Amino acid sequence: MSQSIRVYGPASVSNVTCGFDVLGFAIEKPGDIILAELSEKPGARIKKIIGCDTLPINPLENVASVAAQSLLDHVDPTIGIDLTIYKNIKPGSGIGSSASSAVAATFAVNQLIGVPIKNTFDLVPFAMQGEQIASGAFHADNVAPALLGGFIIVRSNDPLDVIQLGTPPDLYAVVIHPDVQIKTSESRKLLPVLVPLKDVVTQTGNLAGLVAGLLQHDYDLIGRSMHDIIIEPAREGTIPGFKELKKAALDAGALGAGISGSGPSVFALCKGETSAQKVLDEMKSAYGNFNINYDAYISAINKKGTIEILD
Ligand code: HSE
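## What to know about the pattern of salt bridges
- According to the stated counting rule, one finds 12 salt bridges in the structure shown.
- Here Glu37 makes a salt bridge to Lys47, at a shortest N to O gap of 2.8 Å. Placement of the pair is Glu37 in strand β2 (residues 23-39) and Lys47 in strand β3 (residues 43-50), with a sequence separation of 10 residues.
- A network of salt bridges, in which partner residues are shared, links Lys90, Asp179 and Asp295.

Here you go:
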């Protein structure tokens, strides 16, 4: 049995406008890398975190070790694992930073101890244990796409029911990540507790249309459906320049655009790489007027999810 393994867990975009807590997809870059090493001392520990000095080393507080430990508890608590985290996604970015570490740690431990969990779908609950520490909620809409790749519907978190959708071949994502931090737990406090029935009907129609568009590879239907009339209005004020970024994306030909997860990242979906590049350029140009640093990503939809890094 190998003594160590390196695993890549990609970033992800959850909600995808109208699919709050039930829809998400993975992107190709950025992503966290986990080095997992077998140890003689039982339990999962954090050996080192590279690229971020604000995350906890305490194994009870770190998403990666909590996820890894939950798998060890299920399979064999006498096994010991040391985790090194190469943190490439900033915490509080809205592109599944904690999910990326959690899925990479879970996948790495499963591989390292001889793949006791045969179906990657069945690793989702363990990664969710880690994600819950960071977000304060038990939801799989970042973890499941980051682990499995492609578009994912979370029909139910408890009991878990996750459905993998096909991905239209020409679909590309653009993400702008403004350099401000938004905690998911804080952002969830902004959301309405009660929603008018007519808004639920509109939102449900859009979500149904978006899922049908993804299944039928109908890009126009995807675009027509990407509207969020419930969550976005409650959160958009926390993101500097959100309206400008969204308008720039739509004016440049994006199918749709919105908040990635709980923000501050803003994403757009586009048909084709050329369109995505134009959308990216226009979003960057719109953000030039704001005195805020940002990272920008352009990516095909990631269909592989979490993978072992082979040297
Ligand atoms: N669906 C969650 C939310 C994702 O919007 O609060 C957070 O990453």
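From this point on, the discussion continues.
## Some details on the environment of Pro240
- Mapped onto the secondary structure, Pro240 falls in the loop between α8 (232-235) and α9 (242-251).
- The sequence separation of Pro240 and Ser39 amounts to 201 residues, and the corresponding C-alpha distance is 45 Å.
- Ignoring any residue separated from it by four or fewer positions in sequence, one finds Pro240 in contact with Val180, Tyr287 and Ile292.

## Considerations on helix α3 (residues 124-135)
- Between its first and last C-alpha atoms α3 spans 16 Å; for 12 residues at 1.5 Å apiece the expected length is 16 Å, and the two agree.
- Within the sequence span of α3, burial applies to Val124, Phe126, Ala127, Met128, Gly130, Glu131 and Ser135.
- Summarising the contacts, the buried residues of α3 are in contact with α1 (63-75), α2 (97-112), α4 (143-148), β5 (151-157), β6 (160-165) and α5 (184-188).
- Gly136, located one to two residues past α3, shows a positive phi value of around 75 degrees.

## What about the sheet that holds strand β9 (residues 266-271)?
- The strand order β8-β9-β7-β10 describes an open sheet built from 4 strands, whose pairing is antiparallel. Both edges of this open sheet fall to β8 (256-259) and β10 (294-300), since each of them pairs with a single strand only. When strand polarity is set aside, the average angle formed by the axes of neighbouring strands in this sheet is 15 degrees.
- As paired strands, β8 and β9 are joined by 4 bridges and run antiparallel to one another. Paired with Gly258 across the bridge in β9 is Phe267.
- The strands touched by helix α10 (residues 273-287) within the sheet are β7 (171-178), β9 and β10, with β7 carrying the most contacts at an inclination of about 15 degrees.

## So, the packing of α1 against α2
- At a minimum axis separation of 8 Å, α1 and α2 run at an interaxial angle of 35 degrees. Crossing hand, α1 versus α2: right-handed. Touching Val63, Ala64, Ala67, Ala68, Leu71 and Leu72 of α1 are Ser98, Ser101, Ala102, Ala105, Thr106, Val109 and Asn110, all from α2.
- Each residue belonging to the contact of α1 with α2 can be placed in one class, and the counts come to 9 nonpolar, 4 polar and no charged.

## What about the site of the ligand?
- Taken together, Ser14, Asn15, Phe20, Asp21, His139, Asp141, Asn142, Thr184, Arg188, Arg235 and Gly261 form the complete shell of residues around the ligand.
- Between the ligand and Asn142 there is a distance of 3.0 Å, counted from an oxygen atom to a side-chain nitrogen or oxygen.
- Within the contact set of the ligand, an oxygen atom lies 2.8 Å away from a side-chain nitrogen or oxygen of Arg235.
- Tallied by class, the residues present in the shell around the ligand amount to 1 nonpolar, 6 polar and 4 charged.
- Residues from two domains meet in the shell around the ligand; each of domain 1 (4-165 + 303-308) and domain 2 (171-300) gives at least three.

## Here's the deal with the domain arrangement of the chain
- Its domain assignment divides the chain into domain 1 (4-165 + 303-308) and domain 2 (171-300).
- Averaged C-alpha coordinates put domain 1 and domain 2 at centres separated by 24 Å.
- Between domain 1 and domain 2, the residue contacts involve 29 residues of the former and 39 residues of the latter.
- When domain 1 packs against domain 2, the two sides together hide about 2,500 Å² of surface, and 66% of this comes from carbon and sulfur.

Procedures and definitions
Residues numbered from 1 in each chain as written. Predicted model: local features only at pLDDT ≥ 70, side-chain atom pairs only at ≥ 80, totals over all residues. Heavy atoms only, no water. Salt bridge = Lys/Arg side-chain N within 4 Å of Asp/Glu carboxyl O. Helix = DSSP H or I, 4+ residues; strand = E, 2+ residues; numbered from the N terminus. Contact = heavy atoms within 4.5 Å. Expected span 1.5 Å × (residues − 1). Buried < 20%, exposed > 50% of the residue type's maximum accessible area, 1.4 Å probe, protein only. Pairing = 2+ DSSP bridges. Axes fitted to C-alpha atoms, helices over the stretch in contact; angles between N-to-C directions. Left-handed = near helix turned anticlockwise from the far one by under 90°. Nonpolar A, V, L, I, M, F, W, Y, C, P; charged D, E, K, R; others polar. Near = heavy atom within 4 Å. Polar contact = N/O pair within 3.5 Å; in protein donor to acceptor, adjacent residues only side chain to side chain. Domains from an automatic or database assignment. Buried area = accessible area lost by both parts, 1.4 Å probe.

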